[in-house]
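Fold and geometry: a report
Next come the chains, spelled out residue by residue.
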Amino acid sequence: MNTTAKKPTIQTEPVEVAPGIFRLTVPVPFRSLRAVNLWLLADGDGFTMIDCGWGDEETIDLLEDGWAEVLDGKPVTRLIITHFHPDHAGNCRYIGDRWGLRPKMTQLEWMAANAAVKSLYSDDYELRGTFWAENGASDELIDLYRKETVLYDTGVRLTDGFERIVPGDRFTIGGRDWLVMTGQGHSPDLVMLYCEADDILIAGDQILPKITTNVSVWPWEPLADPLKEFLDTLDRLERVLTDRTFVLPSHREPFHNATARIAELKHHHAERLDLVMELLPEGEARTAGALLEPLFSRELDGHQVNFAMGEALAHLNRLMFEGKLIRSEDDDGIIRFSRVSR
Ligand SMILES: [Zn+2]
């Protein structure tokens, strides 16, 4: 397994994006993402930190450099982790030990992290490979998956305990009041923080600019409907956010106008659902694997095989729950989808 994929050069100097809010960007070993944004919020005698970065020596050095530059001799006094994914939770243990903190997370994200770090749940390598094969991924793609997928436990170390946060909690950080909201579809219960007075959203992976958030069906819940959960979350956000909201996303650049981006994301998924229907002619049954080439024009690396298969299935399952497709587990052990005949 290739766990040392070459990382691109990125701008890692901390930048103050709003008064008292600093962005620290660190690299991740995933080709399509390149980097993850961590946030340091000035908070009286200390700082609140949001997310941890992928866990390796290079990132730890960048954290130490960033702290030296931003903290002005003050400590990190609070750590909030948006969700369990390795680029967000990786250095949990290091940061926890360094500053004497337990991370604040939702209970579901904490549980997911603890399972994944033991190669269970989202990180059951064999289970995933079998599931992609059952869903029609080619032998070539399965080989690529086996060679290149990046395993969770190579980049994540957790603390022994956590502190639970739930939607509706409020944090006062540096004089700003932040409301905890959570989102589903990308990960089990992802935390976002919204400051209504200044109209700023710390978005995690829920709303990203330029790229779309991965929304996948995973092998342990083959009948999940994560696309519905993701779109429902966007509906909830749309009622709160504005066309002026300053969005601080976990990947790529901060941007203004949350509602315009939400509209784009909804449009994107509506188009993808239409495309999937077009790829399933009346009377023919197809696997998710058979849809990958038309759905994903770019060449996939082995780690992206997971996201491509998961996303194809998320759209297929959504159409099934809309009553447009039938899912069948056939005698050859392969899962296929076909149109409901009119
Ligand atoms: Zn994520």
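Structure: see above.
In short, a report on the structure. Just so you know, these numbers come straight off a predicted model, no measurement behind them. (Residues numbered from 1 in each chain as written. Predicted model: local features only at pLDDT ≥ 70, side-chain atom pairs only at ≥ 80, totals over all residues. Heavy atoms only, no water.)

What follows covers the overall build of the chain. Regarding its fold elements, the chain presents 10 helices and 15 strands. Put simply, the chain has 342 residues, and 56% of those count as buried. Long-range contacts, defined here as pairs at least 24 residues apart, represent 67% of the contacts in the chain between residues at least 6 apart. Total accessible area computed for the chain in this model is approximately 14700 Å², and 49% of it derives from carbon and sulfur atoms. (Helix = DSSP H or I, 4+ residues; strand = E, 2+ residues; numbered from the N terminus. Buried < 20%, exposed > 50% of the residue type's maximum accessible area, 1.4 Å probe, protein only. Contact = heavy atoms within 4.5 Å. Areas by Shrake-Rupley, 256 points an atom, 1.4 Å probe, with all protein chains shown as cover.)

The next thing to look at is the coordination of the zinc ion. The coordination sphere of the zinc ion contains the protein donors H83 (NE2), H85 (ND1), H186 (NE2) and D205 (OD), at a distance range of 2.1 to 2.3 Å. Seen from the zinc ion, its four donor atoms lie at angles of 88 to 175°, and the figure they make is irregular. Site description for the zinc ion: donor spacing in sequence, H-x1-H-x100-H-x18-D. Here H83, found in the loop between strand 5 (76-80) and helix 2 (86-89), pairs with H186, found in the loop between strand 9 (176-183) and strand 10 (190-195); they are 103 residues apart in sequence, far enough to count as distant. A relative accessible area of 0% means that H83 is categorised as buried. (Donors = N, O, S within 2.8 Å, 3.2 Å for Na, K, Ca; no water. Tetrahedral: all angles 85-135°; square planar, octahedral: opposite > 155°, others 65-115°.)

This next bit is on the packing of aromatic side chains. Taken as a whole and assessed by the stated rule, the structure comprises 11 aromatic pairs. An angle of 5° between the planes, with centres 6.5 Å apart, marks the rings of W67 and Y94 as stacked. Placement of the pair is W67 in helix 1 (residues 57-70) and Y94 in helix 3 (residues 92-99), with a sequence separation of 27 residues. You can call W67 buried: its relative accessible area is 3%. Residue classification places Y94 among the partly exposed positions, given a relative accessible area of 27%. (Phe/Tyr/Trp six-rings, centres within 6.5 Å; stacked < 30°, edge-to-face > 60°.)

It is worth spelling out the sheet that holds strand 9 at this point. Spatially, the six strands line up as an open sheet ordered 8-9-10-11-12-13, and their pairing is mixed. Of all the strands in the sheet, just strand 8 (170-173) and strand 13 (255-256) have a single pairing partner and so form its edges. Bridge count for strand 8 against strand 9 is four bridges, and the pairing is antiparallel. Pairing of R170 across the sheet is with L179, part of strand 9. Across the face of the sheet, helix 7 (residues 226-238) comes into contact with strand 9 and strand 10 while running at roughly 155° to strand 9. (Pairing = 2+ DSSP bridges. Axes fitted to C-alpha atoms, helices over the stretch in contact; angles between N-to-C directions.)

A few words on the pattern of salt bridges. The tally for this structure, following the rule as stated, stands at 23 salt bridges. Here R102 makes a salt bridge to E163, at a shortest N to O gap of 3.3 Å. A residue pair is termed long-range when its members are at least 10 positions apart, and R102 in the loop between helix 3 and strand 6 (104-105) and E163 in strand 7 (residues 163-164) qualify at 61 residues. The exposure class assigned to R102 is partly exposed, which follows from its relative accessible area of 48%. Classification of E163 as partly exposed rests on a relative accessible area of 27%. We note a salt bridge from D177 to R170, for which the minimum N-O separation is 2.7 Å. In this structure D177 comes out as partly exposed when scored by relative accessible area, which is 35%. A relative accessible area of 52% means that R170 is categorised as exposed. What you see here is one network of salt bridges that share partners, running through D225, R318, E322 and K324. (Salt bridge = Lys/Arg side-chain N within 4 Å of Asp/Glu carboxyl O.)

The next thing to look at is the nonpolar core. Among the nonpolar cores identified, the biggest contains 51 residues, and W132, I207 and L316 are the most heavily contacted of them. Per element, the largest residue contribution to this core is eight residues, and it comes from helix 10 (residues 302-321). Not counting the four nearest positions on each side in its chain, I207 is found in contact with L201, T213, L234, L237, L241, V247, P249, F255, R261, I262 and L265. (Core = buried A, V, L, I, M, F, W, Y, C linked by side-chain atoms within 4.5 Å.)

On to unusual backbone geometry. Negative phi characterises most residues that are not glycine, and trans characterises most peptide bonds. You will see that R34, though not glycine, has its phi angle at about 70°, which is positive. Relative accessible area serves as the criterion here: at 38%, R34 is assigned to the partly exposed category. For S119, which is not glycine, the phi dihedral falls at a positive 60°. Residue placement: S119 occurs in the loop between helix 4 (107-116) and helix 5 (125-134). Judged by its relative accessible area of 32%, S119 is partly exposed.

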